[in-house]
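Notes for the structure review
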Amino acid sequence: MVKSYLRYEPTAAFGVISSVESNISYDTSGKHLLAPALEKIGVWHVRQGVCAKTLTPSTQSRGPSIAVTSIAAVPSSSSLIASGHADGSIRIWDCERGTCETTLNGHKGATTSLRFNQTGSLLASGSKDNDIVLWDVIGELGLFRLRGHLGQVTDLAFLDSEKKLVSASKDKFLRVWDLDTKSCTQIIGGHHSEIWSIDVDPGQRYLVTGSADSELRFYTIKHEMSDGQSVSKINQTVTDGKDSLAENKWESLKLFGEINRQSKDRVATLRFNKSGNLLACQVAGKTVEIYRVLDEAESKRKAKRRLSRKKEKKNSKVVDATENENTDHKIKDDGQPTMVTVLDVFKLLQTVRANKKICSISFSPITSKNSLATLALSLNNNLLEVYSIDSNSTTKTSAIELQGHRSDVRSVTLSSDSTLLMSTSHNSVKIWNPSTGSCLRTIDSGYGLCSLFVPGNKYALIGTKSGSLEIIDVRSGTSVEVVKAHTGSIQSIVHTPDGGGFITGSTDHDVKFWEYQTTEVSGQDSVHLTVANVRTLPMNDDVIVVAVSPDGKHLAIALLDCTVKVYYMDTLKFFLTLYGHKLPVLCMDISSDGDLIVTGSADKNLKIWGLDFGDCHKSLFAHADSVTAVKFVHNTHYMFSVGKDRMVKYWDADKFELLLTLEGHHAEVWCISISQRGDFLVTGSHDRSIRRWERTEEPFFLEEEKEKRLEEMFEADLDNSLENRYLPQQELPEEGAVAVAGKKTQETLTATDSIIEALDIAAEELKRMAEHEEEKRRGKGAEFKSNPLMINLSPSDYILRAVSKVHTNDLEQTLLSLPFADALKLLSNLKDWSSNPDKVELVCRIATLLLQLHHNQLVATTSTRPLLALLRDILHARVKDCKDTLGFNLAAMDHLKQLMASKSDAPFHDAKTKLQEIRAQQSERAEGRADTKGEKRRKKKKQKKDDGHVWS
C-alpha cells in the first residue's frame, strides 16, 4: 500500500511591524496607518498602538509569498487602498472589510509607485519594467500602458484635474503625459542623477523633484483654460513678448527654482501635507527636512521686503559681482512688477532626526489643534514612529515597537506544553502566544544566540554572544541573574534527559555541564533559580552545536573542523567521529529512539547517520544555501530543515525523500522549533518574522507531490517563454509610446483554454440536437439526453458561463490568445447574450475587443458582414436602454437624497455642510449688523460733541 503523509500549511506570521521594501501610508480617516508586513499589510491604530486588522492575500497558490512593494490610499473619503507587489501585480483592498476586491496584472517587474487620482476612479502604477499603466478602478481593468522611460519608474503624480500625469524615472528625466491623447507632451531634464521622488501640492501650484543632487528642483504648473491657452497659478513677470504661444503650447511645467538641501544623502521621498503648507523631504539616511510653504500673499510680501533691502544696499554702496548674479533672476528693472522666487515661497522649518535609517514617511490627513502636522516614519529596524511638527520644535508622540524584534530572530523555543514561545534577538527576548501571535512579555537582554525553557516553564535560559547565561523569570518578565559562563559566544544549549540540568557549547572550545539550584533573595522570603557548573569537557576547536540522545546515552558535539564527535554521556569517553561534510556542521538533531542523527552543514547538505556504528545512511542535497537548523518530529523519523535559501523542507529520514517544501519567508531562516505532538512548528528568520506552520488533516502522496513540483517548474518557465527570452527587445521611440495594459499570465492561458473547450462542447451539443431533430422527423426519435458536462444549460448559456468566469482585467489577453475561427463562433453568440440586461456591458466589451483584434480578417470575410450589421443595430439599442435605466435610477436617487436632506441633515454630509455654511453666513451678517449699529452710535456721539464746540 502507498504511504500517505499529512500536509503542513502556513497558518500565522507575526513579529513584523513594518518591512523595508515598501512605503507606509495613512488611510483617509487619519486614525489608521497602513504599513507593509512582507506579503501582508498591517492596519495599525495609531493612538492605541495595536494592529486593528491585517490585509492578507488569498493562499490559493502554494508558491512563494510575494512582498508588498508600494501602498497608496484614495485621497478622498473612501476605504479603498491599493498595494503593489514584487511580481508586478496590484491588489485593490476594501480597508474597512479587510477584503481584496480585485487583482490587476500588467507589470513584468516589481511595482515601485502607485498614485490614485483625487476621486479614486483612476490608478496609475509605475514599475521596474520602465512602464506606466493606467487602471480603471471601478471597471477593474487596465486602460493603457505608457512607454518611454529608459529606467525604473520611481514616482507618479496627477496634474490639471487628472488630465495629465507626471512620471519620474531613474533615467534622470521627468515626463508629462496627456491622458486624453495618450502621448508624452513634455520631457524635462536637468537632474544629474536618478530622480527618486516627486510630488504636487494640493493647490496644484508647484511640483517638486528630488534626486541624489544637492538641491531640490521646483516647477510651476500651467493649467489649461477653456479657450485652450495655458495659464500658471503663480504670478509671473512680464515677458519681453518674443516667446510665441506655439512654443509654450505643450509645456505644463516650467522651472521655478532650486533650493539646496541640508543633507548629503539622496532624496528618498518628497510629500506635501494635505493643507499644502508643509513639504517633507526624507533622505536615505536618518533625517527628514520639513519646509514651510508660504501662500501667495506672504511670499509677495517677503519678495517686496527682499527687494527693498536690496535697493537700500544699492543706494549705500556699489553693487558687487555676486549681487549682479542674484539680480539676474530676482529683479529685472525698477519699473517691473515683483517677481516671487523659490526662496520666497519655501523655507526650512525643522529637521526631524531618527535613531535609525528612515525607510518611508507619511503625513496624517488630519492635524491636531496644537501642531502644524503629524508625520509618521517607518524605520529599517521594524519600528513605526509618529512625530508632531510645530513651528518651533518636533516631538515624538508615539512609537509602535513592542510587537516585533528590532533585528533578526536568532532562536525560537517552545515550552514543554507548547503554550508559550520564546524568541531572542540582538537586544531583547520576547515571550509570545504561538496560537494568536500576541506578544506577552519583552525582556531586555544581550545578543541571544540560543535559548531554553527550564522544566516547569517558569524560568528560561538565554545563551548570549558575549558568553554569559541569562536566567529569566517568565511570569514577571524580568532578568533574574546573569552568569558569566564562557569566554566565547554560547552557540548551543540543550537539556539533559533527566531534566536536572543542561549543557552549553561555546567558541571558547569548552562544553560545560550545569545543574539547576535555588537561592534565596536577600531581604525577601522568595527564592529564585540559579545554575552551577559541575563538569567541563574541553575540545580542540570551536564548538558550534551540541546534541544529547533522548535515552541519555550519547553526546554529539559539532566542531568548526567539519567533524562531529560522539561521546558517552556518563563517562565522557570518546565513541565516534562523523566525517563527511566539506564545511562546518551548523545544526544537528538526534531522533527520539536514538537510532539516527541528522547533521546540516554550510555545504548545503543534510547527512543522515546511524548512531550505532557512525555510518552515513544517506547524503541529501537539501538546500540552495547553508542549512541553518534541523529538527526531528517527536517519536518519528520525519524531520524539518531550514536554510539560508528561505525554504522550510519536510523529509522522511527512512525513505530519504523530500516530502514538502514550505515557502513563505522573505530572507534567511535561522531557527526552528517543533511542538511535542508535532502538530505545528515555528520558524524565525532574518526578515524579523516568526511563522507558524500547522499540520492539517489533508493527506498527500509522495508521487503526487513530485508531479506538482514538476508542474510548478513548467509553469514558472512560461514567463520566460521563447519569444520573451530570445527575441531582441524592441527599441522604444523617444517621445513615448502606448501599448495594451494587461499581460499574458497562467490565468489568461487557462481562461482561453476553458472558452475553447466550452465552444467545442457547445458545438458538439448543437450537432447532437440537430441529429435528434432529424430522427424525430423520421419518427425514430427517442428522448434527448443533454450532455451532463453542460449542467442542464443551453449551448449559448454554457459558453456565456465560461466567458463570465474570466476576470475583467484578463479578458483582453484571453481574447488575444483566441484563434480567429473561435472568435467568429463567439461573435455569433453575442446576439443571444445581449437580450440579458446584466450582460450588455460584457457583450459590448467582447464585441469591441474582437473587432479591434481581428479587424482586417473580419472586413475581408464576406460571411461576417450580416452578423456585424445585426450586432451594430442590436448593441446600440441595448446600450441606449441601459443608459436610460441608469439615468432614471440616478435621478431617483438624487430625488431621495433631497427628500432625506429636507427631513434630516444627519445621513448626508452635503446637507450638513450646507447647513453649517448657512449658519456661518447668518452669524457673519449678525456681526456685521452689530458693527454697523456700533458705528452709528459712535457717529451720533461725535456729532453731539461737535455741536457743543465753541467753533460749531
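For the structure, check the block above.
Since the model is a prediction, treat every value here as computed from it, not as a measurement. (Residues numbered from 1 in each chain as written. Predicted model: local features only at pLDDT ≥ 70, side-chain atom pairs only at ≥ 80, totals over all residues. Heavy atoms only, no water.)

Time to look at the sheet that holds strand E1 (residues 4–14). Across the sheet, which stays open at both edges, the four strands sit in the order E1-E57-E56-E55 with antiparallel pairing between neighbours. Of all strands in the sheet, those bounded by a partner on one side alone are E1 and strand E55 (669–674). In this sheet, neighbouring strand axes are inclined to one another by 30° on average, regardless of whether the strands run parallel or antiparallel. As paired strands, E1 and strand E57 (residues 690–701) are joined by nine bridges and run antiparallel to one another. Its bridge partner being in E57, Ser 4 is matched across the sheet by Phe 701. (Pairing = 2+ DSSP bridges. Helix = DSSP H or I, 4+ residues; strand = E, 2+ residues; numbered from the N terminus. Axes fitted to C-alpha atoms, helices over the stretch in contact; angles between N-to-C directions.)

One finds Leu 815, Leu 826, Leu 830, Trp 833 and Ile 846 to be the most contacted residues of the largest nonpolar core, which totals 27 residues. Every element with two or more residues in this core is listed here: helix H6 (746–777), helix H7 (795–804), helix H8 (811–816), helix H9 (820–833), helix H10 (840–853) and helix H12 (865–903). Ranked by the residues each element gives to this core, the list is headed by H10, at seven residues. The residues contacting Leu 826, other than those within four sequence positions of it, are Ile 755, Leu 759, Ile 799, Val 803, Leu 815, Leu 818, Trp 833, Ile 846 and Leu 850. (Core = buried A, V, L, I, M, F, W, Y, C linked by side-chain atoms within 4.5 Å. Buried < 20%, exposed > 50% of the residue type's maximum accessible area, 1.4 Å probe, protein only. Contact = heavy atoms within 4.5 Å.)

Another aspect to go through is the pairing of strand E27 (residues 358–363). Among the six residues of E27, five are classified as buried, and the element is accordingly described as predominantly covered. Bridge count for E27 against strand E28 (residues 373–379) is five bridges, and the pairing is antiparallel. Bridging across to E28, Ile 358 finds its partner in Leu 379.

This paragraph deals with the side chain of Asn 381. Following the sequence through the fold, Asn 381 ends up in the loop between E28 and strand E29 (383–389). Owing to a relative accessible area of 9%, Asn 381 belongs among the buried residues under this scheme. Look past the residues within four positions of Asn 381 in its chain and what remains in contact with it is Lys 356, His 405, Arg 406 and Arg 688.

What follows covers the pattern of salt bridges. Applying the stated criterion across every chain, the model contains 25 salt bridges. Put simply, Arg 115 and Asp 155 hold a salt bridge, and the shortest N to O gap is 3.5 Å. One end of the pair, Arg 115, is in strand E10 (residues 111–116); the other, Asp 155, is in strand E14 (residues 153–159), with 40 residues separating them in the sequence. In this structure, Arg 115 and Asp 155 share a single accessibility class: buried. For Arg 147, the salt bridge goes to Asp 131, with nearest N and O atoms at 3.2 Å. With Arg 147 in strand E13 (residues 141–147) and Asp 131 in the loop between strand E11 (122–127) and strand E12 (132–136), the pair connects residues that are 16 residues apart, well separated along the chain. Judged by its relative accessible area of 6%, Asp 131 is buried. Overlapping salt bridges bring together Arg 7, Glu 698, Glu 705 and Lys 708 as one network. (Salt bridge = Lys/Arg side-chain N within 4 Å of Asp/Glu carboxyl O.)

Note that every value here comes from positions in space, so none of it alone points to a role or purpose.
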